[in-house]
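# Chains, contacts and geometry: an overview
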Amino acid sequence: MNLPLSQEVLRALQSVSLDDKYALESGRVFMSGIQALVKLPMMQRSLDALHSRNTAGFISGYRGSPLGGYDQALWNAKQHLQKQNIVFQPGVNEELAATAIWGTQQLGFAPPGTQRFDGVFGIWYGKGPGVDRCADVFKHANMAGTTPLGGALVIAGDDHVAKSSTAVHQSDHIFKACGLPVFFPSTVQEILEYGLHAIAMSRFAGVWTSMKTIQEVVESSARVNLDIHSIKIVIPEFAMPPGGVHIRWPDHALDQEARLFHYKWYAALAYVRANQLNHTLIKGSQDRLGLIASGKAFNDMRQALFDLGLTETECHQLGVRVHKVGVVWPLEAQLTREFATGLREILVVEEKRQMIEYQLKEELYNWRPEVRPDVLGKFNEMPGDHSGGEWSLPN
């Protein structure tokens, strides 16, 4: 027989609503990854209000699995979005939606005194083919830049197993080609945290940022913490160029390129470093083997360690070091070097084509041979053969 519920529990149950995940500004709630993407702009507005910033948000994109239900969730949360000055307008297609997001970063060109808000942050969403289609917009908008209290975040839904697509997709490489730093959350909680960091990085470094989501994460559900005070955003010390890194007009294409290549990417790396978005979870003084992963691959790696019976204590005893990457491109070098120092071998665990592995090899290439660890990932090496190279052995 079930025990009767206490009066305190009964009162709590009577006040519970399915809208709590959107209405509450603190505490723990149960939500899906899609719902976390709906909550994200509301948390950004709350964070801005906490710092006396009068901002607004604009969301546009085009539906597609695994973000097929995102627009429906946004429509269902319309009243909560409106209270926070957040407008959702789905695009006729992906490119027009991306161009509309670009427009949110041009509001500073309006005549003085006509602005209702200090800035407007923009969020674009779409599946892998939509990312491919929008490469031209992303490149131009990223070169142009963002506003200090605006920011632009691109959310990609990657269909890794072609569940509802004619081809599998991995958007990391397109984002890299467009020059957008790539965040890759591994949990529903990280969708919220990385999303806020991505917008903060976009504002600070003047770049558009991107976040890769896949079915196993964005379609999962979990209990998350909504307290914005628990998310510490550190703005790093960084020497900006004359005139800063943000959008302006007129602005020559070569000047845009120079700012991106020489300042904006390095400002983004300084943000990664200051906020420890890549960090080592397990480390000992006698470590010899390093494991590095991000996103779902990180969850798979931890599950493999668990299945092998390797707890944190046993990893210490065996000399196994574990590093988690939150921003897969560009890979921050200082944190990577700290992780790699003292190791003899590093195993990179990632899905599809290499992203971290190539960067890791490049960053360690000039180390002296006696201290440089071997890096293995998609390809193995024969015992005693250190010829290296990603095509050194047949598949």
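Before reading on, note that the structure itself is shown above.
Report on the accompanying structure. (Residues numbered from 1 in each chain as written. Predicted model: local features only at pLDDT ≥ 70, side-chain atom pairs only at ≥ 80, totals over all residues. Heavy atoms only, no water.)

## So, the environment of Arg273
Put simply, the test is: Labels follow the DSSP assignment, with helices taken as runs of H or I lasting at least four residues and strands as runs of E lasting at least two, numbered in each case from the N terminus. Classification of residues uses two cut-offs on accessible area relative to the type maximum, computed with a 1.4 Å probe and protein chains only: under 20% is buried, over 50% is exposed, and between them is partly exposed. Throughout, a residue-residue contact means that at least one pair of heavy atoms, one from each residue, lies within 4.5 Å.
With respect to the element layout, Arg273 can be found in helix α12 (residues 253–274). For Arg273, a relative accessible area of 29% gives the class partly exposed. Each C-alpha atom, one on Arg273 and one on Ser26, is 27 Å from the other, the two residues being 247 residues apart in sequence. What Arg273 contacts, discounting residues up to four positions off in sequence, is Glu332, Gln334 and Leu335.

## Here's the deal with the packing of helix α6 (residues 94–104) against helix α8 (residues 135–144)
Quick reminder of the rule: Only C-alpha atoms enter the line fits that serve as axes; for helices the fit covers just the stretch in contact. Angles between N-to-C directions range over 0 to 180 degrees. An angle below 35 degrees is read as roughly parallel, one above 145 as roughly antiparallel, one from 65 to 115 as roughly perpendicular, and any other as oblique. Under this grouping Gly is polar, as are all residues other than the nonpolar Ala, Val, Leu, Ile, Met, Phe, Trp, Tyr, Cys and Pro and the charged Asp, Glu, Lys and Arg.
Where α6 meets α8, the closest approach of the two axes is 10 Å, and the angle between their N-to-C directions is 5 degrees. By the angle between their axes, α6 is roughly parallel relative to α8. For the pair α6 and α8, the contacting residues are Glu95, Ala98, Thr99 and Trp102 in the first and Val137, Phe138, His140, Ala141 and Ala144 in the second. Split into classes, the residues belonging to the contact of α6 with α8 amount to six nonpolar, two polar and one charged.

## Digging into the sheet that holds strand β13 (residues 345–349)
Heads up, the rule is: Strands are treated as partners if at least two bridges between them are detected by DSSP.
With respect to topology, five strands assemble into an open sheet ordered β9-β11-β10-β13-β14, the strand pairing being mixed. Each of the sheet's edge strands pairs with one partner strand only, and the pair in question is β9 (278–282) and β14 (374–376). Each strand axis lies, on average, 25 degrees off the axis of its neighbour in the sheet, ignoring direction. Sheet analysis places β13 next to β14, joined by three bridges and oriented parallel. Opposite Leu347, over in β14, you have Leu376 as the bridge partner.

## Quick notes on the pattern of salt bridges
Any two side chains of opposite charge can pair if their charged atoms end up close together. Convention followed: By definition here, a salt bridge exists when the distance from a side-chain nitrogen of Lys or Arg to a carboxyl oxygen of Asp or Glu is within 4 Å.
A full pass over the atoms with the stated rule returns 14 salt bridges. The closest approach of N and O atoms between Lys324 and Glu190, which form a salt bridge, is 2.5 Å. With Lys324 in strand β11 (residues 320–325) and Glu190 in helix α10 (residues 188–205), this pair connects stretches of sequence that are 134 residues apart. Across the pair Lys361 and Glu357 runs a salt bridge whose closest N-O atoms are separated by 2.9 Å. Remark: Glu357 and Lys361 occur in helix α16 (residues 356–364); sequence separation between them is four residues, near one turn of the helix. Several salt bridges converge on common partners, so that one network encompasses Asp48, Arg53 and Arg203.

## Examining the packing of α8 against α12
In the contact formed by α8 and α12, the axes pass within 8 Å of each other and the chain directions differ by 75 degrees. When the axes of α8 and α12 are compared, the pair comes out roughly perpendicular. Residue-level inspection shows Asn142, Met143 and Ala144 of α8 in contact with α12, the latter providing Gln256, Glu257, Arg259, Leu260 and Lys264.

## Looking at the sheet that holds strand β5 (residues 152–158)
Overall, mixed pairing links the seven strands, which are arranged β3-β2-β4-β5-β7-β6-β12 in an open sheet. Since the sheet does not close on itself, it has two edges, and those belong to β3 (86–88) and β12 (327–329), each with one partner. Direction of pairing for β5 relative to strand β7 (residues 209–214): parallel, over a ladder of six bridges. Bridge pairing links Ile155 to Met211 in β7. Those strands touched by helix α3 (residues 33–50) are β2 (55–61), β3, β4 (119–127), β5 and β7, and its axis lies near 165 degrees from that of β4.

## Points about the side chain of Asn142
Condition: As used in this structure description, the phrase polar contact means that two N or O atoms lie within 3.5 Å; if the pair is within protein, one of them must be able to donate a hydrogen and the other to accept it, and residues adjacent in sequence are counted only when both atoms belong to side chains.
Tracing the chain through its elements places Asn142 in helix α8. A polar contact of 2.8 Å, which involves the side chain of Asn142, links it to the backbone nitrogen of Trp208. Ignoring any residue separated from it by four or fewer positions in sequence, one finds Asn142 in contact with Cys178, Gly179, Leu180, Gly206, Val207, Trp208, Leu260 and Lys264.

## Focus on the state of the cysteines
Stated precisely, the cut-off is as follows: Cysteine sulfur atoms are paired as a disulfide whenever they fall within 2.5 Å.
Applying the stated criterion across every chain yields a total of zero disulfides. We note that Cys134 lacks a disulfide partner, and the nearest cysteine sulfur, in Cys178, lies 9.3 Å from it. Taking relative accessible area as the criterion, Cys134 reaches 0% and is therefore assigned buried.

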